[in-house]
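# What the coordinates show
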Amino acid sequence: MITVLFVFQIVLAVILTILVLLQKSSSIGLGAYSGSNESVFGAKGPAGFLVKATFTIGLIFILNTIALGYIYNKSYNQSVVDNLPSQSSVPTAPAVPAAPSAPEAPADK
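Keep in mind the model is a prediction, meaning the values are calculated, not measured.

Our next topic: the overall build of the chain. When you go through the chain residue by residue, the secondary structure sums to three helices and zero strands. Ordered by position from N to C terminus, the α and β elements of the chain give α-α-α. In the chain, which comprises 109 residues, the proportion classed as buried is 14%. Carbon and sulfur atoms provide 67% of the accessible area of the chain, an area that totals close to 9500 Å².

Structure (structure tokens):
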């Protein structure tokens, strides 16, 4: 699920970038390459359509970002420190070998 949402996030980012670049600005930007589409988009041209599309894709992008954050937080709530082996800073005393046992006396018959 995370992989699907992550790929969708990348696609949304690319689409959002293209929509922003196509909008008319003071220097016209890439909107000059879109040609005259006034008959397709209405009397105002593509400006109204591009603004609505940018807002919609931006909203979907934000909702997808929140969903990704929630899923990452839910599934990866362990810290890296939790997986480290515990090491004590106090040195331990060396193990003392056990004393040898006394030989057994032979049994008399």
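Moving on: a nonpolar patch on the surface. Side chains of Phe 6, Ile 10, Val 14, Ile 18, Leu 22, Tyr 72 and Tyr 76 sit close together on the surface and give an oily, nonpolar patch of about 670 Å² of accessible area. By residue number, the principal contributor to the nonpolar patch is helix α1 (residues 2–22), which donates five residues. By secondary structure assignment, the location of Phe 6 is in helix α1. Classification of Phe 6 as partly exposed rests on a relative accessible area of 43%.

The next subject is the nonpolar core. One finds Leu 12, Leu 16, Leu 19, Leu 50, Ala 53 and Ile 57 forming the largest nonpolar core, which totals six residues. If you list the elements that add at least two residues to this core, you get α1 and α3 (46–75). Apart from residues lying up to four places away in sequence, Leu 12 is in contact with Ile 57, Ile 60, Phe 61 and Asn 64.

Considering the arrangement of structural elements, one finds Thr 54 in helix α3. The buried category is assigned to Thr 54, whose relative accessible area is 16%. Of the polar contacts made by the side chain of Thr 54, one reaches the backbone oxygen of Leu 50; its length is 2.6 Å. The residues contacting Thr 54, other than those within four sequence positions of it, are Leu 16, Leu 19, Val 20 and Gln 23.

For Thr 3, the location among the structural elements is in helix α1. The class of Thr 3 is exposed, set by a relative accessible area of 59%. Put simply, Thr 3 and Leu 68 are 65 residues apart on the chain and 9.6 Å apart in space, counted from C-alpha to C-alpha.

Overall, the predicted model of the chain reaches an average pLDDT of 78, with 74% of residues at or above 70. Within the chain, α1 carries the highest mean pLDDT (93), whereas helix α2 (residues 38–41) carries the lowest (48). Counted against residues more than four places away or in other chains, residues 36–40, with its pLDDT under 50, gives two contacts.

The rules behind these values
- Residues numbered from 1 in each chain as written.
- Predicted model: local features only at pLDDT ≥ 70, side-chain atom pairs only at ≥ 80, totals over all residues.
- Heavy atoms only, no water.
- Helix = DSSP H or I, 4+ residues; strand = E, 2+ residues; numbered from the N terminus.
- Buried < 20%, exposed > 50% of the residue type's maximum accessible area, 1.4 Å probe, protein only.
- Areas by Shrake-Rupley, 256 points an atom, 1.4 Å probe, with all protein chains shown as cover.
- Patch = residues over 30% accessible without salt bridge, like charges linked within 9 Å, V, L, I, M, F, W, Y side chains within 5 Å.
- Salt bridge = Lys/Arg side-chain N within 4 Å of Asp/Glu carboxyl O.
- Core = buried A, V, L, I, M, F, W, Y, C linked by side-chain atoms within 4.5 Å.
- Contact = heavy atoms within 4.5 Å.
- Polar contact = N/O pair within 3.5 Å; in protein donor to acceptor, adjacent residues only side chain to side chain.
- pLDDT = per-residue confidence, 0-100.

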